[in-house]
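For reference, the chains in residue letters:
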Amino acid sequence: MKTKVFSFRASMMLVALFFSTVIVSAGPLTPKQNKKGRWGYVDESGDWAIKAKYDAASPFDGAVAIVAKDGQQGLVNGEGKEVLKCKYAMLLKIDSESYFAKDESGKWVGYDVKKNDDYKLSDVKIENVNDSNVIITCTVDLGWLYTNRGRYMKTGMFINKNTGKGYASGFTGFRKLGPNIYMLAYGQANKSKVYTGSGQLLTNDFDGNIGMKGNFILLGSSSSQNPVIATSDGNVLTVVDKANSSYIVKNSQGKYGVIAETLYLKIPFEYDFVEGLDDLGFYVKKDGLLGYAKADGSLQIPCKYSEMSCLDTNDEGPVFIVMSNWKRGIVGSSGTEILPCDYNEITKAGFYDYLFVHKDNTVGLYDMKNNKMLVETGKYSSIEQRTPGPITVVTQNGKEGVLDKNGKLIIPCIYEEITRNNLGGPDTYTVWNEDRHFGICNESGKLIIPCGKYDRVKAFEPYAIIVQNGKKIGAVKYDGTQFAPVVYDDYMNGVRNMAFGKNTMTGGALYVYTYGGKFVTSKAFRKSENWRLRIFMQDYLM
């Protein structure tokens, strides 16, 4: 056997030499069997172009065709010349220009169709992947055209043995990772590729980490940004997201499921969509309806709601606002109905664990923490929680009132506007009537200053409300009783007591009160008697 020049094509497994010599096919030739049962080839006119002398003959594939005689295979060209004698027990088409042949002794040769030449092969190994595809590795004798890498080159190819279609080439070895999954090694770190037996590329930068358990194979470490998951029979699963130490994946039929990092099936492939819910579990969707599965994959709420959103969590898990038949309700993580789907809207209130529930243009108030309805719908047109506060203001017939934190109406719905005061003294409410006159209610809702009685509030002190009419001030206790009449010009707070003053800029007098509102004493001073004033203040205020 002569030593010939050999090279490799990058796009296929074996690359024929690109010399100027070209073999021209003799035109369309068709296999035909004669009366004696022998096979040959006829041209377009039906005349014998290649004598019928073979036991079998395949159609031409390019410039050559496979023929068989006496149980051995070979190649014949369009002129009828056996470019490979019929002496080979196995003949494989590698691509449109290359064939591998093995004789009965086990020796292999390669045949270059374009150059009409053969070359030596050794260490040929064939893995029959399935009925159509094979993986072949071998060592090729480069002859005198060797490089500094040596005369012999190890290579591999993954092909369809019937058509010669190539899936991969140039690799130096392979490893079977699963029943239908193969790793092809290219001799460089992190450059291995992984294919299914059908020739589908799973990953072209396999890092060597592999997890296998049950019916699943994980290619790449669990911390990888782009892991590849496949079933053991080679079906690739698209990794959509990662949540709850699991992979949300989609199969070739477009169905979603969830596989744990430890490679067991948490949620079966029967959903149209799956989405992670932080560390609380998963939303699942089927036939346009939503449900919920825990982080372990167990289905807790069947897919029966058109909308579903996590409202809060409790000791049992998440709590959801759900919609069914265009009405909203609330269910717990186990699917237990907390509020039936009877409401137009459900929103979270600003304070406490309250929910606003809307129905037929009215609003109710629901206490999530104690699982009870504080205010039924049908009574108030709006419920609003305002700041400073919290203050829960309700509206009925266009008038505002106030609820306490238990849902009890403490200020009737008779006012135009209500605000809450927490400016130093006990919390109070300022209410305005339709004439825009203000009044004051204490924390329990009692009206302690009727609307229109005073011009303004000068200050909220811890002991009383300082009120003003014109330029004169006085004080009202938080229970509504009088602290001091509205006859004074100013006031001051001391350590032991407080005092109101009259004409203090020109002399005048100080009137001392205890912080409980009891009058103690008073004393008049000339403007020049500052020293007497200081002594008096030291005795009664400091």
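That block above? That's the structure.
Summarised in this report is the structure supplied together with it. (Residues numbered from 1 in each chain as written. Predicted model: local features only at pLDDT ≥ 70, side-chain atom pairs only at ≥ 80, totals over all residues. Heavy atoms only, no water.)

**Points about the overall build of the protein**
Thought 1: On a plain count of helices and strands, the protein comes out with one helix and 52 strands.
Thought 2: Out of the 542 residues belonging to the protein, those deemed buried represent 46%.
Thought 3: Residue pairs in contact within the protein that sit at least 24 positions apart in sequence constitute 29% of those at least 6 positions apart.
Thought 4: Accessible area for the protein stands at about 27,400 Å²; split by element, carbon and sulfur atoms hold 47% of it.
Thought 5: The centroid of the 66 positive side-chain charges in the protein is displaced by 4 Å from the centroid of its 58 negative side-chain charges. (Helix = DSSP H or I, 4+ residues; strand = E, 2+ residues; numbered from the N terminus. Buried < 20%, exposed > 50% of the residue type's maximum accessible area, 1.4 Å probe, protein only. Contact = heavy atoms within 4.5 Å. Areas by Shrake-Rupley, 256 points an atom, 1.4 Å probe, with all protein chains shown as cover. Lys, Arg positive; Asp, Glu negative; His and termini not counted. Charge placed at Lys NZ, Arg CZ, Asp CG, Glu CD.)

**Quick word on the side chain of Thr 196**
Thought 1: One can find Thr 196 in strand β16 (residues 192–196).
Thought 2: In this structure, Thr 196 is in contact with Phe 158, Asn 180, Leu 202, Gly 234 and Val 236, ignoring residues within four places of it in sequence.

**Here we look at the pairing of strand β17 (residues 201–206)**
Thought 1: Note that β16 and β17 share three bridges and pair antiparallel. For Ser 192, the partnering residue across the bridge sits in β17 and is Phe 206. (Pairing = 2+ DSSP bridges.)

**Brief notes about the packing of aromatic side chains**
Thought 1: On inspection of all chains with the given rule, the structure shows 18 aromatic pairs.
Thought 2: Here Phe 171 and Tyr 186 contribute two aromatic rings whose centre-to-centre distance is 6.1 Å and whose plane-to-plane angle is 70°, an arrangement assigned as edge-to-face. A residue pair is termed long-range when its members are at least 10 positions apart, and Phe 171 in the loop between β13 (166–169) and β14 (173–178) and Tyr 186 in the loop between β15 (181–185) and β16 qualify at 15 residues. Considered together, Phe 171 and Tyr 186 belong to a single accessibility category, that of buried residues.
Thought 3: An aromatic cluster of at least three residues, connected via ring pairs, comprises Tyr 463, Phe 483, Tyr 488, Tyr 491, Phe 500, Tyr 511, Tyr 513, Tyr 515 and Phe 519.
Thought 4: We note Lys 286 situated over the ring of Tyr 271; from NZ or CZ to the ring centre the distance is 5.1 Å. (Phe/Tyr/Trp six-rings, centres within 6.5 Å; stacked < 30°, edge-to-face > 60°. Lys NZ or Arg CZ within 6 Å of the ring centre and 35° of its normal.)

**A short note on the side chain of Gln 468**
Thought 1: Turning to its location among the elements, Gln 468 is positioned in strand β46 (residues 465–469).
Thought 2: Given a relative accessible area of 12%, Gln 468 falls into the buried group.
Thought 3: For Gln 468, the side chain forms a polar contact with the side chain of Arg 456, separated by 2.7 Å.
Thought 4: Engagement of the side chain of Gln 468 in a polar contact is seen with the backbone oxygen of Gly 470, the distance being 2.7 Å.
Thought 5: The contacts of Gln 468, once residues within four sequence positions are left out, are Tyr 454, Asp 455, Arg 456, Lys 458 and Ile 473. (Polar contact = N/O pair within 3.5 Å; in protein donor to acceptor, adjacent residues only side chain to side chain.)

**Description of the pattern of salt bridges**
Thought 1: Applying the stated criterion across every chain yields a total of 18 salt bridges.
Thought 2: Here Glu 345 ties to Arg 328 by a salt bridge, and the two come within 3.5 Å at their closest N and O atoms. Note that Glu 345 is positioned in strand β33 (residues 345–348) and Arg 328 in strand β31 (residues 327–331), a separation of 17 residues in sequence.
Thought 3: Given a relative accessible area of 33%, Glu 345 falls into the partly exposed group. (Salt bridge = Lys/Arg side-chain N within 4 Å of Asp/Glu carboxyl O.)

**Observations concerning unusual backbone geometry**
Thought 1: Phi angles above zero are rare outside glycine, and Asn 325 is one such case at about 55°.
Thought 2: Its identity as a non-glycine residue notwithstanding, Trp 326 has a phi of 65°, on the positive side.
Thought 3: Judged by relative accessible area, which is 72%, Trp 326 ranks as exposed.

**Quick word on the nonpolar core**
Thought 1: Counting residues in hydrophobic clusters, the biggest one holds 15 residues, and the most contacted among them are Ile 94, Phe 100, Leu 121, Ile 136, Cys 138 and Met 157.
Thought 2: Sorting the residues of this core by element identifies β7 (82–95), β10 (117–128), β11 (133–141) and β12 (152–160) as the ones contributing at least two each.
Thought 3: Looking at this core element by element, the count peaks at four residues for β11.
Thought 4: In this structure, Leu 121 is in contact with Phe 100, Trp 108, Val 109, Gly 110, Cys 138, Thr 139 and Val 140, ignoring residues within four places of it in sequence.
Thought 5: If you look at the next biggest cluster of nonpolar residues, it comprises 14 residues, including Phe 483, Phe 500, Ala 509 and Tyr 513. (Core = buried A, V, L, I, M, F, W, Y, C linked by side-chain atoms within 4.5 Å.)

**Focus: the sheet that holds strand β50 (residues 498–502)**
Thought 1: Pairing is antiparallel in the open sheet, where four strands are placed in the order β49-β50-β51-β52. The open sheet has two edge strands, β49 (490–493) and β52 (519–524), and neither has a second partner. For this sheet, the mean inter-axis angle between neighbouring strands, taken without regard to orientation, is 20°.
Thought 2: Summarising the sheet, strand β51 (residues 509–513) and β52 pair through five bridges and their orientation is antiparallel. The residue of β52 that forms the bridge with Leu 510 is Lys 523. (Axes fitted to C-alpha atoms, helices over the stretch in contact; angles between N-to-C directions.)

**A short note on a positive patch on the surface**
Thought 1: Together, Lys 51, Lys 53, Lys 81, Lys 85 and Lys 87 make up a positively charged patch on the protein surface.
Thought 2: Put simply, the parts of the chain that give the positive patch at least two residues each are β3 (48–54) and β7.
Thought 3: As for its position among the elements, Lys 53 is in strand β3. (Patch = residues over 30% accessible without salt bridge, like charges linked within 9 Å, V, L, I, M, F, W, Y side chains within 5 Å.)

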